Amino acid sequence: MLQWLGLPVEASAQAPSIDRIIVIVHWLMLAIFVAWALFFVYVLVRFRRGAHPRAIYEGTSGRWARAGEIGVVVGEVILLAFFSIPTWSARVDAFPTEQQSTIVRVVGEQFIWDVHYAGRDGVFGRTQLQLVTPDNPLGLDMSDPAARDDVWTQNQLNLPVGRPVIIELSSKDVIHSFTLPQMRVKQDAIPGTEQRVWFTPTRTGEWEIACSQLCGLGHYRMRGFYTIQTQADFDAWLSSQAGL
Ligand SMILES: [Cu+2]
């Protein structure tokens, strides 16, 4: 089934468990589709014009109709209780420690992804709303010593392969949805809150960041790029961005 769905490449350690759910959901939907199609053909023949049926307007109340509805509900409850929720819970419980992770802040705005790295000192500089300008989209406060080595980019997210990544996600204006299809990551960025999402990239590559929340007229061009690279390449890139 997985090959037929045409999903993007699995490039994170968490991708296979998400794909497993996607496959199960598709099998369930296929079963329901086939059952409904068979029922539809049966109804076409059974109540054809030549059989002179008399219409009943109350709707069906037969045993088979009820059994079908109950069957679908039971299937969905099993899917939720035994597959989706345990997968999600395992994902959330396994949150990595900050020491072992690469931590990056991502801020959505109409219609750009602002990316903030803590720089060499590992401490994010203070940001203030009043300081936001086109040249300083994050509102970095340069009077804070921790801010001086910070690195920021727009629509370009670089990450090292093979270790956990924690993205601290927020938004300046409306709800955006930070989406890395190859990582199987999709998380809403909500103004006034900070959402954390984590994953572990397992292969290097260059792909696109999507915004999967209709966030305004320019939503279609809210397109960023992300590059998963070796730790050495990532360190070199970060240094070059910091002007070191
Ligand atoms: Cu958006």
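Residues numbered from 1 in each chain as written. Predicted model: local features only at pLDDT ≥ 70, side-chain atom pairs only at ≥ 80, totals over all residues. Heavy atoms only, no water.

Q: Please provide a residue-by-residue account of the coordination of the copper ion, values included.
A: Distances from the copper ion to its protein donors, His176 (ND1), Cys211 (SG), Cys215 (SG) and Met222 (SD), fall at 2.1 to 2.4 Å. Around the copper ion sit 4 donor atoms; with metal-centred angles ranging over 92 to 122 degrees, the donor geometry is tetrahedral. Sequence spacing of the donors to the copper ion: H-x34-C-x3-C-x6-M. Of the two residues, His176 sits in strand E6 (residues 176–180) while Cys211 sits in strand E9 (residues 205–211), which places them 35 residues apart along the sequence. Side by side, His176 and Cys211 carry an identical accessibility label, which is buried. (Donors = N, O, S within 2.8 Å, 3.2 Å for Na, K, Ca; no water. Tetrahedral: all angles 85-135°; square planar, octahedral: opposite > 155°, others 65-115°. Helix = DSSP H or I, 4+ residues; strand = E, 2+ residues; numbered from the N terminus. Buried < 20%, exposed > 50% of the residue type's maximum accessible area, 1.4 Å probe, protein only.)

Q: I'd love a proper account of the nonpolar core, names of residues and values included.
A: Within the largest apolar cluster, 30 residues are counted, with the highest numbers of intra-cluster contacts made by Tyr117, Leu157, Ile167, Phe178 and Met183. If we skip the residues at most four places from it in the chain, Tyr117 touches Val104, Phe124, Asp150, Val151, Leu157, Asn158, Phe234, Trp237 and Leu238. (Core = buried A, V, L, I, M, F, W, Y, C linked by side-chain atoms within 4.5 Å. Contact = heavy atoms within 4.5 Å.)

Q: Can you lay out the packing of helix H2 (residues 15–46) against helix H3 (residues 63–93) for me, pointing to particular residues and giving the numbers?
A: Relative placement of two packed helices is described by the angle separating their axes and the distance separating the axes. Two elements in contact, H2 and H3, have axes whose closest approach is 10 Å; the angle formed by their N-to-C orientations is 175 degrees. Between H2 and H3, the interaxial angle falls into the category roughly antiparallel. The residues of H3 that touch H2, namely those facing Ser17, Arg20, Ile21, Ile24, Val25, Leu28, Met29 and Ile32, are Val72, Gly75, Glu76, Leu79, Phe83, Ser84 and Thr87. Its residues assigned to classes, the contact of H2 with H3 shows 9 nonpolar, 4 polar and 2 charged. (Axes fitted to C-alpha atoms, helices over the stretch in contact; angles between N-to-C directions. Parallel < 35°, antiparallel > 145°, perpendicular 65-115°, else oblique. Nonpolar A, V, L, I, M, F, W, Y, C, P; charged D, E, K, R; others polar.)

Q: Would you mind going over the sheet that holds E6 in detail, with residue names and values included?
A: Across the sheet, 5 strands lie side by side as E4-E10-E9-E6-E7; this open sheet has mixed pairing. Since the sheet does not close on itself, it has two edges, and those belong to strand E4 (156–160) and strand E7 (185–189), each with one partner. Averaged over all pairs of adjacent strands, the angle between strand axes in this sheet comes to 20 degrees, irrespective of strand direction. In terms of strand pairing, E9 meets strand E10 (residues 224–229) through 5 bridges, oriented antiparallel. (Pairing = 2+ DSSP bridges.)

Q: Explain H2 to me, and be specific about the residues and the numbers.
A: For an α-helix, 3.6 residues make a turn, and residues three or four places apart therefore share a direction. Over its 32 residues, H2 runs 46 Å from end to end, which matches the ideal 46 Å to within 8%, given 1.5 Å per residue. The inward-facing, buried residues of H2 abut helix H1 (2–5) and H3. (Expected span 1.5 Å × (residues − 1).)

Q: Explain the sheet that holds strand E3 (residues 151–154) to me, and be specific about the residues and the numbers.
A: The strand order across the open sheet formed by 5 strands is E3-E2-E1-E5-E8, and the pairing between neighbours is mixed. Pairing within the sheet leaves two strands with one partner each, and these edge strands are E3 and strand E8 (195–199). Neighbour-to-neighbour, the strand axes of this sheet turn through a mean angle of 25 degrees, independent of strand direction. The pairing of strand E5 (residues 165–171) with E8 spans 5 bridges and is classified as antiparallel. Bridge pairing links Val165 to Phe199 in E8. Sitting on the sheet, helix H4 (residues 231–242) is in contact with strand E1 (102–109), strand E2 (112–117) and E3, with an inclination near 95 degrees to E3.

Q: Hey, could you go over H4 for me, with residue numbers and the actual values?
A: Taking 1.5 Å of rise per residue, 12 residues should cover 16 Å, and H4 covers 16 Å from first to last C-alpha, within 8% of that figure. Along H4, the residues that are buried comprise Phe234, Trp237 and Leu238. Seen end-on, H4 carries its buried residues on one side only, within an arc spanning 95 degrees. Considering only its buried residues, H4 is in contact with E1, E2, E3, E4 and E10. (Arc of directions from axis to C-beta.)

Q: Kindly report on the pattern of salt bridges, identifying the contributing residues and their values.
A: Enumeration according to the criterion identifies 8 salt bridges in this entry. Taking the shortest distance from any N to any O, the salt bridge between Asp19 and Arg184 comes out at 2.6 Å. Of this pair, Asp19 sits in helix H2 while Arg184 is found in the loop between E6 and E7, placing the two residues 165 residues apart along the sequence. Judged by relative accessible area, Asp19 falls into the buried class, the value being 2%. Given the relative accessible area of 13%, Arg184 is considered buried. Ionic pairing is found between Asp141 and Arg126, a salt bridge with its closest N-O pair at 3.0 Å. Highlighted residues: Asp141 in the loop between E2 and E3 and Arg126 in the loop between E2 and E3, separated in sequence by 15 residues. The class for Asp141 is buried, based on a relative accessible area of 10%. For Arg126, a relative accessible area of 41% gives the class partly exposed. Sharing partners across several salt bridges, the network here consists of Glu98, Arg105, Glu168 and Arg196. (Salt bridge = Lys/Arg side-chain N within 4 Å of Asp/Glu carboxyl O.)

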